[in-house]
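Chain residues, written in single-letter form:
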Amino acid sequence: MRCFLAEQGAGQDIIYDKGAHSYFLQDKQPQALSNSEILAVCKILLESRSMRKDELLPVLDKLIHCCVPENNKKAVCELIANEKYHYIEPHHGKHILGSLWEIGQAIQSCRLMEIQYERLKEPKLVKRRIKPVGIMFSEY
């Protein structure tokens, strides 16, 4: 079994537990993010200025709660505390998490969407039918 898993590149190994008198599968690589990885993700989210504060802060808190070992949570929280406090929301002030999911579903199912936006040159609302192919954040 060990040879088969190694040949398949499964990233798992079979371990014998003497106490339980049984075998179990164990991942070879840890699945949790390291402290530096979670800090990088938090900083990227904060610096992207892509979400309203009331959307972003719960996401950051959940990332830290789920991915950072208990003994390092305080250090990670302190490293991003200043950025969280001084976070500047995007000027549009709209919630985007729901829209992101909707766009993602349209991309996945190759579905057309109808969007409405205000033109830059003359303040006029424009409606368009689009077929989104990807989601990108750029310059806030």
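Parameters at a glance
- The residue count restarts for each chain, going from 1 along the sequence in the order it is written.
- Whole-chain, interface and lining totals are the exception, using all residues; otherwise, since this is a predicted model, local features are given only for residues with pLDDT of at least 70 and side-chain atom pairs are given and counted only at 80 or more.
- The basis for the side-chain values is all heavy atoms of the structure; hydrogens and waters are excluded.
- Values of pLDDT, ranging from 0 to 100, describe the predictor's confidence in every residue of the model.
- Think of it this way: any DSSP run of H or I at least four residues long counts as a helix, any run of E at least two long counts as a strand, and we number them from the N terminus.
- The salt bridge definition used is simple: a Lys or Arg side-chain nitrogen within 4 Å of an Asp or Glu carboxyl oxygen.
- Between buried and exposed lies partly exposed: a residue is buried under 20% and exposed over 50% of the maximum accessible area for its type, with that area taken using a 1.4 Å probe on protein chains only.
- The rule for pairing is simple: two strands pair if DSSP sees at least two bridges between them.
- Only the stretch in contact is used when fitting a helix axis, every axis being a line fitted to C-alpha atoms; angles between N-to-C directions are given from 0 to 180 degrees.
- Should an angle fall under 35 degrees it is taken as roughly parallel, and over 145 as roughly antiparallel, whereas 65 to 115 is taken as roughly perpendicular and any remaining angle as oblique.
- Whether two residues are in contact is decided by their heavy atoms, any of which lying within 4.5 Å being enough.
- Amino acids are sorted into nonpolar (Ala, Val, Leu, Ile, Met, Phe, Trp, Tyr, Cys and Pro), charged (Asp, Glu, Lys and Arg) and polar (every other residue, Gly among them).
- For our purposes a nonpolar core is just a set of buried Ala, Val, Leu, Ile, Met, Phe, Trp, Tyr and Cys residues, chained together by side-chain atoms within 4.5 Å.
- Any residue with relative accessible area above 30% and no salt bridge may belong to a patch, with like charges joined within 9 Å and the nonpolar Val, Leu, Ile, Met, Phe, Trp and Tyr side chains within 5 Å.
- Residue-level accessible areas treat just the shown protein chains as cover; the underlying method is Shrake-Rupley with a 1.4 Å probe.
- Charged residues are defined here as Lys and Arg on the positive side and Asp and Glu on the negative side; His and the ends of the chain fall outside this count.
- Lys charges are placed at NZ, Arg charges at CZ, Asp charges at CG and Glu charges at CD.
- Each Phe, Tyr or Trp ring, with Trp reduced to its six-membered ring, pairs with another whose centre is within 6.5 Å; inter-plane angles below 30 degrees give stacked pairs, above 60 give edge-to-face pairs, and intermediate values give tilted ones.

(A) A look at the confidence of the model for the protein. The predicted model of the protein averages 87 in pLDDT, with 95% of residues at 70 or higher. Per-element confidence in the protein is highest for strand β4 (residues 125–130), whose mean pLDDT is 95, and lowest for helix α1 (residues 2–8), whose mean pLDDT is 75.

(B) The pattern of salt bridges, seen in detail. A complete count under the given rule lists five salt bridges for this structure. With its nearest N and O atoms 2.3 Å apart, the salt bridge here joins K43 to E83. With a gap of 40 residues between them, K43 in helix α2 (residues 35–48) and E83 in helix α4 (residues 73–85) connect regions that are remote in the sequence. Classification of K43 as partly exposed rests on a relative accessible area of 29%. Judged by relative accessible area, which is 22%, E83 ranks as partly exposed.

(C) Region of the structure containing the pairing of strand β2 (residues 22–27). Bridge count for strand β1 (residues 12–17) against β2 is six bridges, and the pairing is antiparallel. Bridged to I14 within β2 is L25. The antiparallel hairpin formed by β1 and β2 contains four residues in its connecting segment, where H21 sits at a positive phi of about 55°.

(D) View of the packing of α2 against helix α3 (residues 53–67). Running from N to C, α2 and α3 point in directions that differ by 175°, and their axes come no closer than 11 Å. For the element pair α2 / α3, the angle class is roughly antiparallel. Residues I38, V41, C42, L45 and L46 of α2 touch α3, and the partners they reach there are L56, V59, L60, L63, I64 and C67. When its residues are assigned to classes, the contact of α2 with α3 shows eleven nonpolar, no polar and no charged.

(E) Expanded view of the nonpolar core. I38, C42, L46, L56 and I64 are the most contacted members of the largest nonpolar core, which totals 14 residues. Where this core is concerned, the elements lending two or more residues are α2, α3 and α4. For this core, the element with the highest residue contribution is α3, accounting for five residues. Leaving out residues up to four positions away in the same chain, C42 has contacts with L60, I64 and I80.

(F) A look at a positive patch on the surface. Taken together, the side chains of R119, K121, K124 and R128 present a region of like positive charge at the surface. Mapped onto the fold, K121 is located in the loop between β3 (113–118) and β4.

(G) How the structure looks around the packing of aromatic side chains. Under the criterion given, the structure shown has one aromatic pair. Ring geometry for Y16 against Y23: centres 4.8 Å apart, planes inclined by 55°, an arrangement best described as tilted. For Y23, a relative accessible area of 57% gives the class exposed.

(H) Main features of the environment of C110. One can find C110 in the loop between α5 (97–108) and β3. Separated by 21 residues in the primary sequence, C110 and K131 have C-alpha atoms spaced 6.9 Å apart.

(I) Expanded view of unusual backbone geometry. Positive phi, normally seen in glycine, also occurs at H21, with a value near 55°. When you line up the elements, H21 lands in the loop between β1 and β2. In this structure H21 comes out as exposed when scored by relative accessible area, which is 63%. The phi angle at R49 is positive, at roughly 50°, despite the residue not being glycine. Secondary-structure assignment places R49 in the loop between α2 and α3.

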